[in-house]
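# Observations on the model geometry
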Amino acid sequence: MSRFFFNDRKQLVNDALEGMLISAPHGNLVKLDIDPAIRIVARADWDKSRVAVISGGGSGHEPAHAGFVGKGMLTAAVCGDLFASPSVDAVLNAIVAVTGESGCLLIVKNYTGDRLNFGLAAEKAKRLGLKVEMVIVSDDIALPENKQPRGIAGTALVHKIAGYAAEQGHPLTEVRDLARQACDNLWSLGAAMQTCNLPGSDDEEGRIRPGQVELGLGIHGEPGASVMETQNSREIVATLVEALMAQAGEGRFAVLINNLGGVSALEMAILTKELAHSALSDRIAWLIGPAPLVSALDMKGFSLSLLKLNATFEKALQAETMTLGWQTPVAFAPLRTQPQQALQDRVEFTPSENASVAGLVATVTRTLIALEDRLNALDAKVGDGDTGSTFAQGARDIAQRLEQNALPLNDLPALLVVTGERLATVMGGSSGVLMSIFFTAAGQTLQEGKPLAESLLNGLAQMKQYGGADLGDRTLIDALQPALEALQKEDIQAAAQAAKTGAEATAGMQKAGAGRSSYVNKENLDGVTDPGAVAVAEVFAALAR
């Protein structure tokens, strides 16, 4: 099954370009209306007074190439079909549209189709009397013995340097020479754990097995040069860095951290951290990214590009740019930290003994521990199957402290607050926080001299306020609230009966208003009691006995 959002495969690139242009933040891009088969994005503010810089290639590498059109970078981008070079006519039309007396520079990634189509278009433009030069980017070091290395993410850095020179008004030969100098000082290498999904394709690419990454695979999904039997971020970055440093040698570098399209922002941040602690760290002057600059649709991978710096390159990278896709370079520096004294929010108490209270605590914890499997089984039908384990975990912690005589049993307000503190620490998910709010607020109210039942009801009110659930939402509140209200008016036996009735009623509630069950359809809820409500009912039943 294809994993790709699109409407019409034939209009996919046109649709994508329209979406890109209408969302461009500077409002400075236009699509040249020439022919439906010709897709050219150009600067709306271009006056042909300076050297035009044109690039392009197959679509699917966004934001490249249209995302780099704008002041300080490209004058125009020629967009082919998905992973297919634009036609000679498309490139020629772009050249003619934006080139004035100063001429134009074509920046082309080193793929046969791009070289041929851009090259023939350049020759035709020359025949029309235009000055045209072409620079071929071949920054991929995956296959060192290859006489025709591919052009990959480092191409964006060549766009930036050539665009800067053109924006400064330099003549065509100087813009060309500076771009070629950038190409000669540029090295890139990528890695991926999954290749890209093509629109409309039902084929599942199984070339890269789980637990592996391929090094040096192409930006169209071409097989890599080698395989690593790991997905460890530190090891992968170290491998890439070692290969890049062997090619680049000594110097100060700008490093482009390129997302090939399918890596999460969190993972890219981890990879950036690994780079910052790698063997290259003391040679990094600027970071560009992490971000998608030259992607490969949704490829689960990334690449690193090294540009050896000189004064001109450094100035060019920092120059103002008005594009959709360029990332402002960041001066590399170690992580900044600021000392801050930790907040010690711990309840101060003195352990004390009270046989009656100890018996009640033991009853509650023993009951919850014994219910673990039953509650998990109920929760598996309506949630994520861990309610029993979550309550049992909290109960075991309190039981252990009871056994160690480490609870203020003769100080009920402190006991409730300490219980709340421990549950927030040891119980997972939202349950621990909710129960902590309940016991903490109840303990504080009890400390103010209010009766126990009223204090527990206040704890419930705070839990409802912060948790968002209420009576009838198919949660433990459906058993706890009627139980506490009965306890306030009558006794523990009445509370136990009210809790039992409330819990049983949840089996007929076909819509949960809060908690994990709120994401489950009514068919799965019908006839199943809420596990939290069951826990409350069983605890009150045990206390009543």
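Residues numbered from 1 in each chain as written. Predicted model: local features only at pLDDT ≥ 70, side-chain atom pairs only at ≥ 80, totals over all residues. Heavy atoms only, no water.

Labelled according to an unreviewed UniProt entry, the chain appears under the name Dihydroxyacetone kinase subunit DhaK, originating from Pseudenterobacter timonensis.

### Observations regarding the nonpolar core
Leu105, Leu157, Val158, Leu307, Leu309 and Leu317 are the most contacted members of the largest nonpolar core, which has 64 residues in total. The biggest single contributor to this core is helix H4 (residues 155-167), with eight residues. Leu423, Ala503, Val528 and Ala537 belong to the second largest nonpolar core, which has 52 residues in total. (Core = buried A, V, L, I, M, F, W, Y, C linked by side-chain atoms within 4.5 Å. Buried < 20%, exposed > 50% of the residue type's maximum accessible area, 1.4 Å probe, protein only. Helix = DSSP H or I, 4+ residues; strand = E, 2+ residues; numbered from the N terminus.)

### Some remarks on the sheet that holds strand E6 (residues 132-137)
Taken together, the six strands give an open sheet; going across it, the order is E1-E2-E4-E3-E5-E6, and neighbouring strands pair in mixed fashion. Strand pairing shows two members of the sheet lacking a second neighbour, strand E1 (29-31) and E6, which therefore form its edges. Here the average twist between neighbouring strands, direction ignored, is 20°. The pairing of strand E5 (residues 104-109) with E6 spans six bridges and is classified as parallel. What sits directly across from leucine 106, in E6, is methionine 134. The strands touched by H4 within the sheet are strand E2 (40-43), strand E3 (52-59), E5 and E6, with E5 carrying the most contacts at an inclination of about 175°. (Pairing = 2+ DSSP bridges. Axes fitted to C-alpha atoms, helices over the stretch in contact; angles between N-to-C directions. Contact = heavy atoms within 4.5 Å.)

### Observations regarding unusual backbone geometry
Backbone torsion omega between glutamate 62 and proline 63 reads 10°, so that peptide bond is classified as cis. One can find proline 63 in the loop between E3 and strand E4 (76-82). Despite not being glycine, arginine 474 shows a phi value in the positive range, around 65°. Within the secondary structure, arginine 474 sits in the loop between helix H14 (452-467) and helix H15 (477-489).

### Some words on the packing of helix H10 (residues 372-382) against helix H18 (residues 531-544)
Look at H10 against H18: their axes get within 9 Å of each other, and the N-to-C directions meet at 155°. Comparing the axis directions of H10 and H18 gives the class roughly antiparallel. Along its contact with H10, which presents Arg374, Leu375, Leu378, Asp379 and Val382, the element H18 presents Pro531, Val534, Ala535 and Glu538. Of the residues contributing to the contact of H10 with H18, the split by class is six nonpolar, no polar and three charged. (Parallel < 35°, antiparallel > 145°, perpendicular 65-115°, else oblique. Nonpolar A, V, L, I, M, F, W, Y, C, P; charged D, E, K, R; others polar.)

### A look at the pattern of salt bridges
By the definition in use, this model includes 20 salt bridges. Across the pair aspartate 81 and arginine 9 runs a salt bridge, and its minimum N-O distance is 3.9 Å. Note that aspartate 81 is positioned in strand E4 and arginine 9 in the segment before helix H1 (12-22), a separation of 72 residues in sequence. According to the relative accessible area criterion, aspartate 81 is partly exposed, its value standing at 33%. With its nearest N and O atoms 3.1 Å apart, the salt bridge here joins glutamate 167 to arginine 43. Here the residue glutamate 167 occupies a position in helix H4, and arginine 43 occupies one in strand E2, the gap between them amounting to 124 residues. (Salt bridge = Lys/Arg side-chain N within 4 Å of Asp/Glu carboxyl O.)

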